[in-house]
Amino acid sequence: MTHARSLSLVASPVAVDVARLAARRGVVPSELRPRAAAGPQVRAELVEASGSNLDATEWRQVAQLLSKHLEKAARTGLGSPGSCQACGQSVRWVETQNARHMPIDPLPHPRGNVTLRRQGQGVVAVVHGLQQLPLPDEAYRPHRATCPREVGTRPRPNHPTCRVCGEPMDTRRHDAGETTHPCCDPRPEAARP
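Residues numbered from 1 in each chain as written. Predicted model: local features only at pLDDT ≥ 70, side-chain atom pairs only at ≥ 80, totals over all residues. Heavy atoms only, no water.

### Topic: the overall build of the chain
Assigned secondary structure in the chain consists of five helices and five strands. Element order for the chain, N to C, with α for helix and β for strand: α-α-α-α-β-β-β-β-β-α. Considering the chain as a whole, with its 193 residues, one finds that 40% of them fall into the buried category. Within the chain, contacts between residues separated by at least 24 positions form 53% of all contacts whose residues are at least 6 apart in sequence. Surface accessibility of the chain: about 11,500 Å² in total, with carbon and sulfur atoms responsible for 49%. (Helix = DSSP H or I, 4+ residues; strand = E, 2+ residues; numbered from the N terminus. Buried < 20%, exposed > 50% of the residue type's maximum accessible area, 1.4 Å probe, protein only. Contact = heavy atoms within 4.5 Å. Areas by Shrake-Rupley, 256 points an atom, 1.4 Å probe, with all protein chains shown as cover.)

### Some remarks on the pairing of strand β2 (residues 90–96)
Of all the seven residues making up β2, five are buried; the element is thus mostly covered by neighbouring parts of the structure. Examined bridge by bridge, strand β1 (residues 80–83) and β2 share four bridges and lie antiparallel to one another. Counted as the bridge partner of G82 is V91 from β2. Hairpin connection between β1 and β2: a loop of six residues separates the two successive antiparallel strands, and G88 in this loop has a positive phi of roughly 85 degrees. (Pairing = 2+ DSSP bridges.)

### What about the packing of helix α2 (residues 13–24) against helix α4 (residues 56–76)?
Interhelical geometry of α2 versus α4 gives an angle of 45 degrees and a closest axis separation of 8 Å. Classed by the angle they form, the pair α2 and α4 counts as oblique. Crossing of α2 over α4 shows right-handed handedness. Here α2 contributes V14, A15, V16, V18, A19, A22 and A23 to the contact with α4, which in turn contributes E58, W59, Q61, V62, L65, L66 and H69. (Axes fitted to C-alpha atoms, helices over the stretch in contact; angles between N-to-C directions. Parallel < 35°, antiparallel > 145°, perpendicular 65-115°, else oblique. Left-handed = near helix turned anticlockwise from the far one by under 90°.)

### Regarding helix α3 (residues 39–50)
Counted at 1.5 Å a residue, the expected span for α3 with its 12 residues is 16 Å, and the 16 Å between its end C-alpha atoms agrees. Regarding α3, the residues found buried are G39, V42, R43 and L46. Buried residues along α3 cover an arc of 100 degrees about the axis, so they all sit on one side. Exposed side chains of α3 directed beyond 90 degrees from the buried face belong to Q41 and E48. Where α3 ends, the next residue or the one after it, G51, has phi of about 75 degrees, a positive value. (Expected span 1.5 Å × (residues − 1). Arc of directions from axis to C-beta.)

### What about the confidence of the model for the chain?
Summary statistics for the chain give a mean pLDDT of 81 and a share of 84% for residues scoring 70 or more. Helix α1 (residues 3–10) is the least confidently modelled element of the chain, averaging 56 in pLDDT, while α2 averages 92, the highest of any element. (pLDDT = per-residue confidence, 0-100.)

### Let's talk about the nonpolar core
Counting residues in each nonpolar core, the largest one holds 21 residues, and the members touching the most others are L32, L46, W59, V62 and L66. With seven residues, α2 is the single largest residue contributor to this core. In terms of nonpolar packing, the next biggest core, distinct from the first, is built from nine residues, V94, L116, V127 and Y140 among them. (Core = buried A, V, L, I, M, F, W, Y, C linked by side-chain atoms within 4.5 Å.)

### Remarks on the pattern of salt bridges
If you walk through the whole model with that rule in mind, you get three salt bridges. A salt bridge links R141 to E31, with the nearest nitrogen and oxygen atoms 2.8 Å apart. Taken as a pair, R141 in the loop between β5 (122–127) and α5 (171–175) and E31 in the loop between α2 and α3 lie far apart in primary sequence, 110 residues in all. Both residues of the pair, R141 and E31, belong to the buried class. K68 is paired through a salt bridge with E71; the nearest N and O atoms lie 3.6 Å apart. Taken together, the residues span about one helical turn, with K68 and E71 both in helix α4 at a distance of three residues. Among the residues examined, K68 registers a relative accessible area of 26% and is labelled partly exposed. Under the relative-accessibility criterion, E71 is labelled partly exposed at 28%. (Salt bridge = Lys/Arg side-chain N within 4 Å of Asp/Glu carboxyl O.)

Here you go:
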């Protein structure tokens, strides 16, 4: 019997239902932490949608079940399965249009800005700018948006940021005249064929 199956047998039925709901909404375990930036809001939305109040033990069960679901989704989806070196969460490694490797959360999310498309034998991740959201297709979030080690890491004052995603940029690239990350660059000529 697999660990996930045995966990679902000992977890409360409410925790199992909330974990399924969270997976359908693309929530990752780090977003369930009470001290996470969006943790209280995500928990409140799940409680409201499920109509159930959970105690601390049930929230831990939800996070464990969701983590097992992410592992399975990372193994079965497009891209290469892996895990984040900073937080240990399961991710999918994909290659962007600019031939950069990027980890994404394995579950689609309504506010995702990365779409995957088949190109030849492989898969290419297309990163969309904020002006293009919401996307009509199934979209994923870059793992950096949900990694507890990355979330809350904001640029210092007067530190250059990408004009597309707003994240900090390498100062050397910015000083060289670049205003976006290579994977965020919206210009068609920046994309590799």
